[in-house]
Amino acid sequence: MLQAVIGLEIHAQLLTVTKAFCSCSAETFGETVNSAVCPVCTGQPGTLPILGNGTVKLSLMAALAFNCRINRRSFFDRKNYFYPDLPKGYQITQYFRPLAEQGFIDVRLGNGQKRRVRINRIHIEEDAGKTIHEGASSIAASRDRGGTLVDLNRCGIPLAEIVTEPDITSPREARLTMETIRDILRYMSVCSGDMEKGDLRCDANISVVDTEDGKSSQRVEVKNINSFRFVEKALEFEFERISEAMRKGHQITKETRTWDFASRTTISMRTKEEESDYRYFPEPDLPPLEVSENLIDKTRREIPEMPDRKTDRFIAEYGLPEHDSTVLSADRELSDFFERAAGLTGKPKETANWMMGELIRILKEQGLTIGQTLLKPEHMADLLDLLDSGKISSNNAKEIFPDVVTTGVMPSEIAEEKGLHQVDDEAEIEVAIREAMSANPKAVDQYRSGKKGVLSYFIGAVMKKTRGRADPSIVNEVARRLLENE
Ligand SMILES: [Zn+2]
């Protein structure tokens, strides 16, 4: 059998206030090009980098959350290469001795299964700038029209690079791993996790191994994948391409490829450069990074309960299905809301059902997080009360729920205003049934001569008169009584 062997390299932009080695703002998305720069991040002669505390703190949090061993003393190095968006001619990174090593995460695969993916290392590095190919969507086209522009705003933005071991065995697992990493980073506000904005980027390497004879293909790297879906798609494509070549006995070239959205294929960029091409050497302008035991302890205490553990707890404590627990736990705000609402309603399963169904649908439709809406746990408690006491029907509850989310008005008030309170007054229902009986005596005779199916006619008539507000179980009961006994 042919099996994929996949490892990921993830660049996560740290949510610091300033860049890694200067005091420029790290919030550059949508800023005027080349405005968030200074002599340090553009590498002017005579300037010196100074490592910011925020960068250390956030990368340390990531390292601890990924169960890494922290190197109390790590070093910075220069990765040398020429590119127009890198005015210094090198990137500061941690090559020889990174901040953290030998961690792991447990990735949920569904059906209660987990895959442990080992983390090889987590190191700090700075981002490079951006090139913009004017009036064209590709480098090839820009040769004819206009030129290439450079925006240095991203130079020096702090990144944590997270490198996994090749423990991932399918493209789907790769996507799930990527999502798990995103969720963990978001939980601690270490990274926004926004792949569309480039705040989280992924390079994936894949080789294919024949499990029968142990033979393995060369490793191919797919660069710059910018969505979770494309991680899976690009790797599926590569897995098929490499497998096909192996079946035919062809050689696979060790190379770097890129996922092409338009053609839904990967395209060769270059045959893989060796690491020595970068001529790494120790950064002479920065002292070693010393992390005290004290800082490690303090940071460890600030790490919240992680999504995987929370999922396990939701299953055990609230009896939720694994799928619901996973979805609710993946988002910190959503899971906090759930716990507070479940506490108020005393009905965790019903609360989760509403959140999984109606709430998540509304959030997706409106592109909002739960914190951006006016919904409070108290609203859920009120809504479930109305439903439980039979004051409104579940259809009506669904009807008013979007208004609750957008206006923040209590469900009971909206139901009152819209006249949605369910009619459970037997006397009122009896009047409506009698009306229907006198309006259609033929149907009454039919029922009494044994055509019990006619009952639905009377129920329908009452529902129509009360505009769907009558409690169906009471209507049913009263209608039977009147038709059978009179
Ligand atoms: Zn700067």
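From a predicted model like this one, the values you see are computed outputs, not experimental measurements.

Criteria and thresholds
- Residues numbered from 1 in each chain as written.
- Predicted model: local features only at pLDDT ≥ 70, side-chain atom pairs only at ≥ 80, totals over all residues.
- Heavy atoms only, no water.
- Donors = N, O, S within 2.8 Å, 3.2 Å for Na, K, Ca; no water.
- Buried < 20%, exposed > 50% of the residue type's maximum accessible area, 1.4 Å probe, protein only.
- Domains from an automatic or database assignment.
- Contact = heavy atoms within 4.5 Å.
- Buried area = accessible area lost by both parts, 1.4 Å probe.
- Salt bridge = Lys/Arg side-chain N within 4 Å of Asp/Glu carboxyl O.
- Polar contact = N/O pair within 3.5 Å; in protein donor to acceptor, adjacent residues only side chain to side chain.
- Helix = DSSP H or I, 4+ residues; strand = E, 2+ residues; numbered from the N terminus.
- Disulfide = S-S within 2.5 Å.
- 1 Å grid on protein atoms, 1.4 Å probe; cavity = no way out; pocket = protein on both sides within 12 Å on 5 of 7 lines; lining within 4 Å.
- Points joined across faces, edges and corners; volume = space filled by probe spheres on them.
- Nonpolar A, V, L, I, M, F, W, Y, C, P; charged D, E, K, R; others polar.

**Student:** Tell me about the coordination of the zinc ion, and please be specific about residues and values.
**Tutor:** At this site the zinc ion is bound by C22 (SG), C24 (SG), C38 (SG) and C41 (SG), with donor distances of 2.3 to 2.4 Å. Of note, the zinc ion draws all its donor residues from one chain, in the sequence arrangement C-x1-C-x13-C-x2-C. Comparing C22 with C24, the two get one shared label, buried.

**Student:** Kindly report on the domain arrangement of the protein chain, identifying the contributing residues and their values.
**Tutor:** When its domains are assigned, the protein chain resolves into domain 1 (2-297), domain 2 (305-417) and domain 3 (426-485). Distance from the C-alpha centre of domain 1 to the C-alpha centre of domain 2: 36 Å. Counting from both sides, the interface comprises 11 residues of domain 1 and, opposite them, 14 residues of domain 2. Together domain 1 and domain 2 conceal approximately 990 Å² of surface at their shared face, both sides included; 48% is due to carbon and sulfur atoms. Contact with domain 2 buries surface across domain 1, with R108, D183 and Y187 losing the most and accounting together for 70% of the total. With a shortest N-O distance of 3.1 Å, R108 and D308 are connected by a salt bridge. Counting across the domain 1 and domain 2 interface gives 11 residue pairs in polar contact (both at pLDDT 80 or more). Only strand 6 (100-110) and helix 3 (171-187) provide two or more residues apiece to the side of domain 1 that touches domain 2.

**Student:** Now, about the side chain of T311: what can you tell me, with residues and values included?
**Tutor:** Here T311 is to be found in helix 6 (residues 307-318). For T311, the contacting residues outside a window of four places in its chain are R108, E322, S325, T326 and S329.

**Student:** Before we move on, can you summarise the environment of E350 with the specific residues and values?
**Tutor:** By the element assignment, E350 lies in helix 9 (residues 348-366). On the basis of relative accessibility, which here comes to 36%, the residue E350 falls in the partly exposed class. As a C-alpha pair, E350 and V190 span 160 residues in sequence and 33 Å in three-dimensional space.

**Student:** With reference to specific residues and values, describe the state of the cysteines.
**Tutor:** Counted by the stated rule, this structure contains zero disulfides. The thiol of C202 is not disulfide-bonded; the next cysteine sulfur, from C191, is found 13 Å away. Its relative accessible area of 0% is what places C202 among the buried residues.

**Student:** Can you lay out empty space enclosed by the protein for me, pointing to particular residues and giving the numbers?
**Tutor:** A probe matching the size of a water molecule, rolled over the atoms, marks out where space remains unfilled. This structure, assessed with the given rule, holds two cavities of 30 Å³ or more. The volume enclosed by the largest cavity comes to roughly 40 Å³. Contributing to the lining of the largest cavity are C41, L86, P87, K88, E126, D127, C155 and G156. Tallied by class, the residues present in the lining of the largest cavity amount to four nonpolar, one polar and three charged. Quantified by volume, the second largest cavity comes out at close to 30 Å³. Lining of the second largest cavity is provided by F21, C22, V40, C41, K88, E126 and G156. Taken together, the residues of the lining of the second largest cavity break down into four nonpolar, one polar and two charged.

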